[in-house]
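# Reading the structure
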Amino acid sequence: MTDETTETTQVTGEADDRRPSRVERLEAEGDIAADYLEELLDIADLDGDLDIDVEGDRAAVSIVGADLQQLVGREGEVLDALQELTRLAVYRETGERSRLMLDISGFRAQRREQLVALGEETVARVRESGSPVSLDPMTPFERKVVHDVVAQAGLVSESEGVEPRRYVVVLPE
């Protein structure tokens, strides 16, 4: 009995003790997402090239191509919905919640630049006035970008309100 136990331990010990690294798991998420989105593009008969990356603590997939505006929608509403569907496809495959970020035709990258500028301007206004400044309602992605800019500038910000009318308040030092 001891020999069997030792043998079983050795076999299972050598099998696959190594868990994939965080980057490997995020790359796998990106691959699953890209497969899902490739199928979606085929069904919709749309041309687009997919770029998979790992940005910080999340997988990022970008679709670039001609005339993909219908996949972005008004103010990114369709893009947000596609991102959630893609996250669900990843969850279905991995069993783990995904924080994957989807961008189409550079919409999020351009919006991020605008939000960084807004965050920097708001920080300057708060420092100059010494009073809190409330911004217009934003999506979770937009709020996160502004919160990051404010934190990097050494100030504090909070989200207030209830979805879909949640907004950022930047507080003085």
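Our subject is the structure listed above.
Read on for an overview of the structure. Since we're looking at a predicted model, the values are computed, not measured.

## Some remarks on the sheet that holds strand S3 (residues 101–104)
Spatially, the three strands line up as an open sheet ordered S1-S2-S3, and their pairing is mixed. The open sheet is flanked by strand S1 (49–55) and S3, the only strands paired with a single partner. Ignoring which end each strand starts from, the neighbouring axes of this sheet average 20 degrees apart. Bridge count between strand S2 (residues 58–64) and S3: four bridges; the pairing is parallel. Paired with Ala60 across the two strands is Met101, which belongs to S3. Helix H4 (residues 77–94) rests against S2 and S3 of the sheet, and its axis sits at about 140 degrees to S3.

## Let's talk about the pattern of salt bridges
Taken as a whole, this structure holds ten salt bridges when the rule is applied. The partner of Arg108 in a salt bridge is Asp80, with the nearest N and O atoms 2.9 Å apart. Of the two residues, Arg108 sits in helix H5 (residues 107–129) while Asp80 sits in helix H4, which places them 28 residues apart along the sequence. Put simply, Glu84 and Arg87 hold a salt bridge, and the shortest N to O gap is 3.1 Å. Taken together, the positions of Glu84 and Arg87, both in helix H4 and three residues apart, correspond to about one turn of that helix. Looking at Arg87, the relative accessible area reads 16%, which means it is buried.

Here is what the cut-offs are and how they apply
- For every chain, the first residue of the written sequence is number 1, and numbering continues from 1 along that sequence.
- Given that the model is predicted, a residue must reach a pLDDT of at least 70 before its local features are reported, and side-chain atom pairs must reach 80 or more before they are shown or counted; all residues, however, enter totals for whole chains, interfaces and linings.
- Water and hydrogen atoms play no part in the side-chain values, which are based on all heavy atoms of the structure.
- By the convention used here, strands pair only if DSSP detects at least 2 bridges between them.
- Here a helix means four or more residues in a row that DSSP labels H or I, a strand means two or more in a row labelled E, and each is numbered from the N terminus.
- For every element, the axis is a line fit to its C-alpha atoms; helices are fit only across the contacting stretch, and the angle between N-to-C directions ranges from 0 to 180 degrees.
- Two residues form a contact once any of their heavy atoms are found within 4.5 Å.
- Salt bridges are defined by distance alone: a side-chain nitrogen of Lys or Arg within 4 Å of a carboxyl oxygen of Asp or Glu.
- Partly exposed describes any residue whose relative accessible area lies between the buried limit of under 20% and the exposed limit of over 50%, with all areas from a 1.4 Å probe on protein chains only and scaled to the type maximum.

The quantities given are spatial measurements derived from coordinates; they are silent on function.
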